[in-house]
Amino acid sequence: MRLGQLIVPALVTLLFLLSGLSLTVACNKALCASDVSKCLLQGLCQCRPSEGNCSCCKECMLCLSTLWEECCDCVGMCNPRNYSDTPATSKSTVEELHQPIPSLFRALTEGDAPINMMVVSFPVAEELSYHENLVSFLETLNDAQHQNVSLPGNSIHANYENRDNMCTVVYFDDCVSIRQCKLYCESMGASKYRWFHNACCECIGPECLDYGSKAVKCMNCLF
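Since the structure is predicted, the reported quantities are computational estimates derived from the model, not experimental observations. (Residues numbered from 1 in each chain as written. Predicted model: local features only at pLDDT ≥ 70, side-chain atom pairs only at ≥ 80, totals over all residues. Heavy atoms only, no water.)

Chemist: Which residues make up the side chain of Ser37, and what values go with them?
Modeler: Structurally, Ser37 can be placed in helix 2 (residues 29–41). Reaching out from Ser37, the side chain makes a polar contact with the backbone oxygen of Ala33 at a distance of 2.7 Å. (Helix = DSSP H or I, 4+ residues; strand = E, 2+ residues; numbered from the N terminus. Polar contact = N/O pair within 3.5 Å; in protein donor to acceptor, adjacent residues only side chain to side chain.)

See below:
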């Protein structure tokens, strides 16, 4: 059997399934389309747990990998999310990068911004304002209940004298996966990254003491 005879039916099946996905309001197509298409083409997400058939669940989870939680509803593997209650832009995942290169990050963010990116700088004091309010709330809670409450970010307290510094972050214009976000930020020499659950990526510079800005500013990925 020729290769074309195998590819055409697979593509027809894929287009049919993707047309069904367009009816699933909760599915984050900007984030999930590429990986979901790959898994559907491989026939790894065809079963339906809601109908008692979970024969492919493990294979589908492995295929979607780190995007499983965000994209399982796109392939009918979990209940659709109600994004109107908790917008994707209000949630994010953060991580420190193990081998930052501060000089590289500074060089790439000085002067005109590279194409398809936005460079934003703001006072570290602004970055820390939410963190200080959270710590203050937890300290109050601890005093009221006389319990041991673990306060986050002790290392941040030690650097408060640097609050006059400027925190510089980079936003990529387009939506990217969390894996792409980490790779891009590593390649820029960033210290940390923040990946919003609408697929907006923020690389965080060495002067930032917390995890940068909580505002979504990716030009082509705002919703």
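Having put the structure on the table, let's press on.
Chemist: Residues and numbers for the nonpolar core, please.
Modeler: One finds Val36, Leu64, Val75, Met77, Val169, Cys185 and Cys203 to be the most contacted residues of the largest nonpolar core, which totals 50 residues. Residues from two domains meet in this core; each of domain 1 (27–81) and domain 2 (83–129 + 165–222) gives at least three. (Core = buried A, V, L, I, M, F, W, Y, C linked by side-chain atoms within 4.5 Å. Buried < 20%, exposed > 50% of the residue type's maximum accessible area, 1.4 Å probe, protein only. Domains from an automatic or database assignment.)

Chemist: How would you sum up the state of the cysteines? Please name residues and give values.
Modeler: Counted according to the given criterion, the structure contains eleven disulfides. Here Cys167 connects covalently by a disulfide to Cys208, the sulfurs 2.0 Å from one another. For the disulfide bridge between Cys167 and Cys208, the dihedral angle about the S-S bond is near 90°, and by the sign convention the bridge is right-handed. With a gap of 41 residues between them, Cys167 in strand 3 (residues 166–172) and Cys208 in the segment after strand 5 (201–204) connect regions that are remote in the sequence. On the accessibility criterion, Cys167 (0% relative accessible area) is buried. The residue that forms a disulfide with Cys175 is Cys221, at a sulfur-sulfur distance of 2.0 Å. Handedness of the Cys175-Cys221 disulfide follows from its S-S torsion of about 105°: it is right-handed. Placement of Cys175 in the loop between strand 3 and helix 8 (178–187) and of Cys221 in the segment after strand 5 is noted, with a sequence separation of 46 residues between them. You can call Cys175 partly exposed: its relative accessible area is 25%. (Disulfide = S-S within 2.5 Å.)

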